[in-house]
Every structure is written in C-alpha cells, then in structure tokens.
Amino acid sequence: MEVSLSPSSLVIARLHPGEELLESIRQLSRKYAISGGLIVAIGGLKHLEVGVYKQGKYDVQSFDASEGETIELTSAIGSLALDETGAPSPHIHVTAALPNHQPVSGHLLKGVVSPLAEVFIVSASGTLRRLMDQSIGLPALTL
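The rules behind the values
Residues numbered from 1 in each chain as written. Predicted model: local features only at pLDDT ≥ 70, side-chain atom pairs only at ≥ 80, totals over all residues. Heavy atoms only, no water. 1 Å grid on protein atoms, 1.4 Å probe; cavity = no way out; pocket = protein on both sides within 12 Å on 5 of 7 lines; lining within 4 Å. Points joined across faces, edges and corners; volume = space filled by probe spheres on them. Helix = DSSP H or I, 4+ residues; strand = E, 2+ residues; numbered from the N terminus. Phe/Tyr/Trp six-rings, centres within 6.5 Å; stacked < 30°, edge-to-face > 60°. Salt bridge = Lys/Arg side-chain N within 4 Å of Asp/Glu carboxyl O. Buried < 20%, exposed > 50% of the residue type's maximum accessible area, 1.4 Å probe, protein only.

### What about the layout of surface pockets?
Here is step 1: Its volume calculated, the largest pocket comes out at about 230 Å³.
Here is step 2: Among the elements of the structure, strand 2 (37–54), strand 5 (88–97), strand 6 (103–124) and strand 8 (138–142) are those that each provide at least two residues to the lining of the largest pocket.
Here is step 3: At 4 residues, the largest contribution of residues to the lining of the largest pocket is made by strand 5.

Have a look at this one:
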C-alpha cells in the first residue's frame with residue numbers, strides 16, 4: 001500500500017545539552033501541528049540507547065560518553081506519524097560513532113543531547129498513522 005503526499009513545510013531545530021531527542025521531536029510535532037513527515041538529525045549525544053529487533057523484542061544497548069567526550073550522531077533518519085491516541089510517534093534509526101570511533105546503530109530508544117543536535121522535520125501535507133499491525137506484532141505505518 002502506498003500514498004502520495006506533498007511536503008508542506010520544513011521545521012529546523014537546534015537542540016541543547018540535556019534535551020532528549022525523541023521527546024524534543026514529539027514537542028516540535030505538537031507545537032507545529034505536524035501529523036506526518038520525514039525526520040533527519042545529526043549532532044552529539046552524551047547518552048544513547050539503541051535496539052535491534054530480535055524474536056519479538058528489542059535487544060537494547062546503552063552507551064554513555066565520559067566527561068569531555070561525545071557520541072557523534074552521524075545519521076538519524078525516520079518517520080513521524082500519529083499513534084492510535086493521536087500522539088506524535090517518531091520511528092527513527094540511527095548510526096553513531098562512540099568516542100573510540102566504534103560504530104553503533106539501531107532503532108533509537110533514547111538520545112540525550114550534548115553538546116547540540118540539529119533536527120529537520122519535513123512535514124507531509126496529510127496525516128500519517130502508526131497503528132499496531134497484529135500480523136507482525138509491531139506498530140507500523142497505516143496508509
């Protein structure tokens with residue numbers, strides 16, 4: 001199934017130390033009444049939690065940067081839709097470099113900004129919904 005929506009606006013935000021990436025995106029979505037779109041972000045983090053989906057659940061790993069170090073958020077891309085309650089539901093995958101240059105990637109579960117992050121949300125002209133798909137046991141875009 002597919003749908004064709006036109007981009008309607010671009011929201012750009014600079015996040016500050018201590019802000020949580022997913023919650024900040026939810027707040028931006030509410031503030032600018034975005035009900036669907038594309039998310040891209042880069043920046044630095046002091047804490048990162050990512051998950052890889054395995055056998056019906058996420059295998060979660062957490063990473064923390066020491067004082068004076070940064071986890072480089074080299075790429076974050078995802079979609080923004082509304083869940084069954086109408087709340088913003090970002091779905092983002094990330095690639096990051098730990099302070100020792102080791103790469104990590106996965107489904108973003110939490111990201112605490114330090115020193116900054118840049119977020120770009122291209123809003124769609126219509127509403128996207130993310131609802132539970134019983135056939136796969138996960139919330140999925142419902143077009």
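Having seen the model, we can carry on.
### So, the packing of aromatic side chains
Here is step 1: Tallied over the full model, the rule gives 1 aromatic pair.
Here is step 2: Consider the rings of Y53 and Y58, whose centres lie 5.5 Å apart with planes at 70°: the pair is edge-to-face.

### Some points on the pattern of salt bridges
Here is step 1: Summed over the entire model, instances satisfying the criterion amount to 3 salt bridges.
Here is step 2: Residue R26 pairs with E23 through a salt bridge whose shortest N-O separation is 3.6 Å. Residue R26 and its partner E23 are located together in helix 1 (residues 21–31), separated by 3 residues, close to a single helical turn.
Here is step 3: Classification of E23 by relative accessible area gives partly exposed; the value is 30%.
Here is step 4: With its nearest N and O atoms 3.1 Å apart, the salt bridge here joins R30 to E23.

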